[in-house]
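Breakdown of the fold
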Amino acid sequence: MTAIESTATQTNNPYELALQNFDAAADALELSQDVRAMIRRPERELAVSVPVRMDNGGIRCFQGYRVQHSTARGPAKGGIRYHPNVTIDEVRALATWMTWKCAVVNIPYGGGKGGITCNPKELTSGELERMTRRYTSAIYPIIGPDQDIPAPDVYTNSQVMAWIMDTYSMIKGCPVPGVVTGKPLSIGGSLGRNEATGRGLYYCVLSICEHLKLPLKGAKVVVQGFGNAGSISAHLLDNDQAYVIAASDSRGCVYNKNGLDIPKLMMHKETTGSVTGFPGSEPIEPAELLALECDILIPAALENVIDGDNAPKLRTKIVAEAANGPLTPDADRILESKGVFIIPDILCNAGGVTVSYFEWVQNQQHLRWDLQEVNNRLERVMRTSFIEVYELRTERRVGMRTAANMLAIGRVAEATKVRGLYP
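Residues numbered from 1 in each chain as written. Predicted model: local features only at pLDDT ≥ 70, side-chain atom pairs only at ≥ 80, totals over all residues. Heavy atoms only, no water.

Some details on the pairing of strand 3 (residues 76–83)
Inclusion rule: Summary of the burial criterion: residues with accessible area below 20% of their type's maximum are buried, those above 50% are exposed, and those between are partly exposed, where the area comes from a 1.4 Å probe applied to protein chains only. Put simply, DSSP H or I for four residues or longer makes a helix, DSSP E for two residues or longer makes a strand, and each gets a number counted from the N terminus. Here, any two strands with at least 2 DSSP bridges between them count as paired. The handedness rule is simple: strands pointing away from the viewer, and a clockwise path from the first strand over the helix to the second, make the crossover right-handed.
Judged by how many residues are buried, strand 3 sits mostly within the fold: eight of eight residues are covered. As defined by bridge partners, strand 3 adjoins strand 4 (residues 110–117) across six bridges and the pair is classed as parallel. Across the sheet, residue Arg 81 finds its bridge partner in strand 4, namely Gly 115. Between the parallel pair strand 3 and strand 4, the chain is carried across by helix 3 (residues 88–104), and the sense of this crossover is right-handed. Taken together, the five bridges between strand 3 and strand 5 (residues 148–152) define a ladder with parallel strand orientation. Bridge pairing in strand 5 links Gly 79 to Ala 151.

Let's talk about the pattern of salt bridges
Selection criterion: In the sections that follow, a salt bridge refers to a side-chain nitrogen of Lys or Arg positioned within 4 Å of a carboxyl oxygen of Asp or Glu.
Inspection of the entire model under this criterion finds 25 salt bridges. Salt-bridge contacts for Asp 148 lead to Arg 66; the nearest nitrogen and oxygen are separated by 2.7 Å. Of this pair, Asp 148 sits in strand 5 while Arg 66 sits in strand 2 (residues 59–68), placing them 82 residues apart in sequence. Per residue, the accessibility class of Asp 148 equals that of Arg 66, and both read buried. One network of salt bridges, in which partners are shared, links Arg 81, Glu 90, Lys 113, Asp 153 and Glu 303.

Looking at the packing of aromatic side chains
Inclusion rule: Note on aromatic contacts: the rings of Phe and Tyr and the six-membered ring of Trp form a pair at centre separations within 6.5 Å, being stacked when their planes are under 30 degrees apart, edge-to-face when over 60 apart, and tilted otherwise. Our definition puts a charge over a ring when NZ of Lys or CZ of Arg is within 6 Å of the ring centre and also within 35 degrees of the ring normal.
Tallied over the full model, the rule gives ten aromatic pairs. Between Tyr 109 and Trp 360, the aromatic rings sit 5.4 Å apart at their centres with planes inclined by 65°, giving edge-to-face as the arrangement. Of this pair, Tyr 109 sits in the loop between helix 3 and strand 4 while Trp 360 sits in helix 12 (residues 351–365), placing them 251 residues apart in sequence. Of the two residues, Tyr 109 and Trp 360, both sit in the buried class. Grouping aromatic residues by their ring pairs yields a cluster made of Tyr 109, Tyr 357, Phe 358, Trp 360 and Trp 369. Seen from the ring of Tyr 15, Arg 92 lies directly overhead, with NZ or CZ sitting 5.8 Å from the centre. A cation over a ring is seen here: Arg 377 above Trp 369, with NZ or CZ 4.1 Å from the ring centre.

Description of the sheet that holds strand 4
The strands making up a sheet are joined through hydrogen bonds of the backbone, oriented either antiparallel or parallel. Short version of the rule: Angles run from 0 to 180 degrees between N-to-C directions of axes, and those axes are lines fitted to C-alpha atoms, restricted for helices to the stretch in contact. Contact definition: two residues touch when any of their heavy atoms are within 4.5 Å.
The five strands lie next to each other as 1-2-4-3-5, forming an open sheet whose pairing is mixed. Two strands bound the open sheet, and with one partner strand each, they are strand 1 (44–53) and strand 5. Averaged over all neighbouring strand pairs, the angle between strand axes comes to 25°, with direction disregarded. The strands touched by helix 3 are strand 1, strand 2, strand 3 and strand 4; relative to strand 4, the strand with the most contacts, the crossing angle is about 155°.

Some details on the side chain of Glu 321
With respect to the helices and strands, the residue Glu 321 is situated in the loop between strand 11 (318–320) and helix 10 (329–337). Assessed through its relative accessible area of 0%, Glu 321 is described here as buried.

Quick notes on helix 8 (residues 262–272)
Every α-helix carries 3.6 residues per turn, so stepping three or four residues along brings you back to the same face. The condition that has to hold: Throughout, the arc means that of the directions going from the helix axis to the C-beta atoms.
Residues of helix 8 that are buried include every one of Ile 262, Leu 265 and His 268, and no others. Considered in projection along helix 8, the buried side chains sweep an arc of 115° and stay on one side of the axis. Helix 8 presents Lys 264, Met 267, Glu 270 and Thr 271 as exposed residues on the side facing more than 90 degrees away from its buried surface. Taken together, the buried residues of helix 8 touch helix 7 (228–239), strand 7 (243–249) and strand 8 (252–255). Where helix 8 ends, the next residue or the one after it, Gly 273, has phi of about 90°, a positive value.

With respect to the confidence of the model for the chain
Threshold: pLDDT runs from 0 to 100 and stands for how confident the predictor is about each residue.
The pLDDT averaged across the chain works out to 94; a share of 97% of its residues lies at or above 70. Of the regions scoring below 50 in pLDDT, residues 1–10 engages in 18 contacts with residues more than four places distant in sequence or in other chains.

Concerning the environment of Cys 118
Tracing the chain through its elements places Cys 118 in the loop between strand 4 and helix 4 (125–139). Take Cys 118: its relative accessible area is 4%, and that puts it in the buried class. Between the C-alpha atoms of Cys 118 and Val 254, which are 136 residues apart in sequence, the distance is 28 Å.

Description of the sheet that holds strand 11
Overall, mixed pairing links the seven strands, which are arranged 9-8-7-6-10-11-12 in an open sheet. The open sheet is flanked by strand 9 (282–284) and strand 12 (341–343), the only strands paired with a single partner. Direction aside, the axes of adjacent strands within the sheet are offset by 20° on average. Note: strand 11 against strand 12, three bridges, orientation parallel. Among the inter-strand pairings, Ile 318 is bridged to a residue of strand 12, identified as Phe 341.

Comments concerning helix 13 (residues 371–396)
For the record, the criterion: To estimate how far a helix should reach, multiply one less than its number of residues by 1.5 Å. As used in this structure description, the phrase polar contact means that two N or O atoms lie within 3.5 Å; if the pair is within protein, one of them must be able to donate a hydrogen and the other to accept it, and residues adjacent in sequence are counted only when both atoms belong to side chains.
In this model, helix 13 (26 residues) spans 37 Å end to end at C-alpha, consistent with the 38 Å of a helix rising 1.5 Å per residue. Those residues of helix 13 lying buried are Val 374, Asn 375, Leu 378, Val 381, Met 382, Ser 385, Phe 386, Val 389, Tyr 390 and Leu 392. Packing partners of the buried residues in helix 13 comprise helix 3, helix 6 (196–212), strand 12, helix 11 (345–348), helix 12 and helix 14 (400–419). At the N-terminal boundary of helix 13, the capping side chain belongs to Asp 370, with an oxygen 3.3 Å from the backbone nitrogen of Gln 372.

So, unusual backbone geometry
Across the chain, the bulk of peptide bonds are trans and the bulk of non-glycine residues have phi less than zero. At the junction of Tyr 422 and Pro 423, the peptide bond is cis and its omega measures out at 0° in the coordinates. If you trace the backbone, Pro 423 turns up in the segment after helix 14. Of note, Glu 30 is a non-glycine position whose phi angle comes to about 55°, a positive value. Non-glycine residue Tyr 155 carries a positive phi angle of around 60°. Mapped onto the elements, Tyr 155 comes out in the loop between strand 5 and helix 5 (158–172).

The following block contains the structure:
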């Protein structure tokens, strides 16, 4: 386990932005320097080389990472992403956000994250499997149901989790379903996990609409990133008679001022691989999509899509962050000054890790909950957490992001102080 020095130089380095948010909340909490030093940076970072035999017989080496930010409140928890832009600083940032995410919804985990720098769209199924198994073997010493529990993230899915679970179990010599979450149902996955992130966002949107007295029926919604979280969120809001007027993915954007037919759009994307070319819609540019006048904007793609340059152009009442870190601190300040209500990522997209926790509990106790029980438990967690953050925001007169970070960081700081320093 080697400390890995950052080489990132970009202005919107996601890890530096995560630290800025931490410092703002820590200042508001008047956290001591000693506690800050213990919880600000990751506990462990692992960089691994992932050699893979390709279908053509050659060997190609990929770069992989696993970062454990905190285990003060329980095992590390966090996804694994396969993406060409994966860097150590991105993984650090995501692991940091996972710590606060788990704490803000008060589940007994810390934060972890992993990734491989690759383009999975260029790999065959066999190459993906061999890469996944090799990566699992490389990070095996630091993962496990009581240490660090991976889950799906960008361009990984239940099949990837099945390969990780199988590889870990083969090395261990017995089935260990609790080593990952987001697995297929046939090997210990939980009902409701696939739609959990979008459903958790939906419960947060319901909560804020109730507080703002904004009717959801007839509300205009824009979804930037029509993947799992974005499409599920859109589908649930569409069921409540909101109008999803625009949606996008990595290939393009579609728009209909009268609302897109979301079930048909989901089928269209499943069939064609993209939202582009959807009948009854017109194409627009990504910048146009973000600037559309709407009631609810859901950024559900990657980090830093809304920054100081495009934030002034946004015309929305609510930003519900389905993605991790979609707003830079500059964008936060601009939108708050405009009166835009932000549901921060560590709260808004915590439905996924919450149901992952439910899956882990079921695995550890050899239980199986039905879908209604999973969704009821998820709604209770999300609505309770929203109220706690909203009340802290009101009491301390800070933004929702600072309030969420204060609640989360306060919980991690308390656990750290109670546990003390060993040796």
